[in-house]
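# Breakdown of the fold
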Amino acid sequence: MNRTTKIISINSIGQIPTLKSISEFPRERTLKLVFEESVQNQREIIGQELRNELVGFQVGIHLIEPEINIAKLITDKEIEDNLYFFEQCAKDYRQLGEELIFKLVNKLSIELNKDSPIETFNELKRDKRQTGKVEDWRYFVHGFHCGFENNNTGQVIEVPLVFGLEFGDLDPYFFTRYIKSTPKYNPLPVDIFEDYADGVRINEKMISLGKFERISSNIGNHCGVVVADRQKVEIKSYEELNRLYKEQKKQIEKHKFNFWKFIGLKK
């Protein structure tokens, strides 16, 4: 569903809609406040006040144009009414992500670092294997993710690589794009207009309802969100991985020393 926009020209502060009238705006419509020259100098102050007061809304203060754009986000009630739908989407996301990663690993005949998959996939960024195709999917390794897009259906999913063998992290933007691009979910039981902002609200509400939970990653000061009802896997912390790396390095150095010492004795 496409949104329509109501435009209001603001020549004086008194023309700004009340908080009550804005709160009654349906999600299917956005509001654009265009500030005329006489009140343009107050636009940012008013925009910040609206951000503080309008809970559950996205208030965008344009950096160049003299306007404020207001959009109502998905509500708590809409999320609660569809909590089992979002829970199933999260489970499907996790399952598909895992399947695609292992299909790609098998196709490329690479050994997956199960503690830190990003280490394996970083190697692909150094050659022509950063992008390619596996079955009906195009893939692209970037950042902390490996993105996949189905050539036939247009379905998209970004699989996280910094949570060990946990491939179900629900980045707000990536999660809503996955939902909207998955044919079997359409038509959606509830509209998602703002991919990131609505995704944040979905995640936070689902966490409060006990359906999602937070997890730590292999990267310091980074965490994710996953469906709570799942078979849990071990995720080694950054500190733990660093300790294991140092221990392995010591073992390698020790073996090298022993080898050359052995050679010397033979001579």
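The structure under discussion appears in the preceding block.
Reading the values: the criteria
Residues numbered from 1 in each chain as written. Predicted model: local features only at pLDDT ≥ 70, side-chain atom pairs only at ≥ 80, totals over all residues. Heavy atoms only, no water. Helix = DSSP H or I, 4+ residues; strand = E, 2+ residues; numbered from the N terminus. Rg over C-alpha atoms; globule rule 2.2 N^0.38 Å. Buried < 20%, exposed > 50% of the residue type's maximum accessible area, 1.4 Å probe, protein only. Contact = heavy atoms within 4.5 Å. Polar contact = N/O pair within 3.5 Å; in protein donor to acceptor, adjacent residues only side chain to side chain. Arc of directions from axis to C-beta. Core = buried A, V, L, I, M, F, W, Y, C linked by side-chain atoms within 4.5 Å. Axes fitted to C-alpha atoms, helices over the stretch in contact; angles between N-to-C directions. Parallel < 35°, antiparallel > 145°, perpendicular 65-115°, else oblique. Nonpolar A, V, L, I, M, F, W, Y, C, P; charged D, E, K, R; others polar. Salt bridge = Lys/Arg side-chain N within 4 Å of Asp/Glu carboxyl O.

### Brief notes about the overall build of the protein chain
Counting its regular elements, the protein chain contains eight helices and 10 strands. Relative to its length of 267 residues, the protein chain is extended, with a C-alpha radius of gyration of 25 Å against a globular reference of 18 Å. In terms of overall dimensions, the protein chain has C-alpha extents of about 95 × 40 × 35 Å along its principal axes. Taking all 267 residues of the protein chain together, the buried fraction comes to 42%. A fraction of 55% describes how many contacts in the protein chain between residues 6 or more apart in sequence connect residues 24 or more apart.

### Topic: helix α6 (residues 172-181)
In terms of burial, α6 is a largely internal element, seven of the 10 residues being buried. For α6, every residue scored as buried is listed here: P172, F174, F175, T176, Y178, I179 and S181. The elements touched by buried residues of α6 are α4 (83-108), β7 (145-150), β8 (156-160), α7 (195-208) and β9 (212-216). Capping of α6 at its N-terminal end is provided by D171; its side-chain oxygen lies 3.0 Å from the backbone amide nitrogen of Y173.

### Focus: helix α2 (residues 43-53)
Here α2 has its buried residues at R43, I46, G47 and L50. With its buried residues spanning 100° around the axis, α2 presents them on a single face. In this structure, α2 carries E44, I45 and N52 as exposed residues pointing more than 90 degrees from its buried face. On its buried face, α2 is in contact with α1 (19-23), β2 (29-35), β3 (57-61) and β4 (67-72).

### Thoughts on the side chain of R27
When you line up the elements, R27 lands in the loop between α1 and β2. According to the relative accessible area criterion, R27 is buried, its value standing at 5%. Of the polar contacts made by the side chain of R27, one reaches the backbone oxygen of D191; its length is 2.6 Å. Excluding residues that lie within four positions of it along the chain, R27 makes contacts with R3, K72, L73, I74, E78, V190, D191, F193 and D198.

### Thoughts on the nonpolar core
Within the largest apolar cluster, 46 residues are counted, with the highest numbers of intra-cluster contacts made by F86, F121, F148 and F175. The greatest single-element share of this core, amounting to 12 residues, is contributed by α4. Those residues in contact with F121 that lie beyond four places of it in its chain are I101, L104, V105, L112, V141, C146 and L161. Judged by nonpolar contacts, the second largest core, of 16 residues, contains L33, F57, V59 and I70.

### Considerations on the packing of α4 against α6
For the pair α4 and α6, interaxial distance at closest approach is 11 Å and the crossing angle is 95°. When the interaxial angle is binned, α4 and α6 end up roughly perpendicular. Packed against α4, whose contacting residues are F85, F86, C89, A90, D92, Y93 and L96, the element α6 presents F174, F175, Y178 and I179 at the interface. Grouping the constituent residues of the contact of α4 with α6 by class yields 10 nonpolar, no polar and one charged.

### Some remarks on the side chain of N218
Its place among the elements puts N218 in the loop between β9 and β10 (223-227). Residue classification places N218 among the buried residues on the basis of a relative accessible area of 2%. One polar contact links the side chain of N218 to the main-chain amide nitrogen of G164, over a distance of 3.2 Å. Within the structure, N218 has its side chain in polar contact with the backbone oxygen of K236 (distance 2.7 Å). Once residues within four sequence positions are removed from consideration, N218 is found in contact with D115, S116, P117, L161, V162, F163, G164, I235, K236, S237, Y238 and L241.

### A word on the environment of S38
Relative to the helices and strands, S38 is located in the loop between β2 and α2. Note on S38: relative accessible area 52%, which makes it exposed. As for S38 and S12, which are separated by 26 residues in sequence, their C-alpha atoms are 7.5 Å apart. Polar side-chain contacts of S38 include one of 3.1 Å to the backbone oxygen of N11.

### Things to note about the pattern of salt bridges
Under the criterion given, the structure shown has 23 salt bridges. Taking the shortest distance from any N to any O, the salt bridge between K211 and E87 comes out at 3.8 Å. With a gap of 124 residues between them, K211 in the loop between α7 and β9 and E87 in helix α4 connect regions that are remote in the sequence. Neither residue differs from the other here; K211 and E87 are each classed as buried. Measuring nitrogen to oxygen at the nearest pair gives 2.8 Å for the salt bridge that ties E166 to R94. Residue E166 is found in the loop between β8 and α6, and its partner R94 is found in helix α4; the two are separated by 72 residues along the sequence. Look at R94 and you get buried, because its relative accessible area is 14%.

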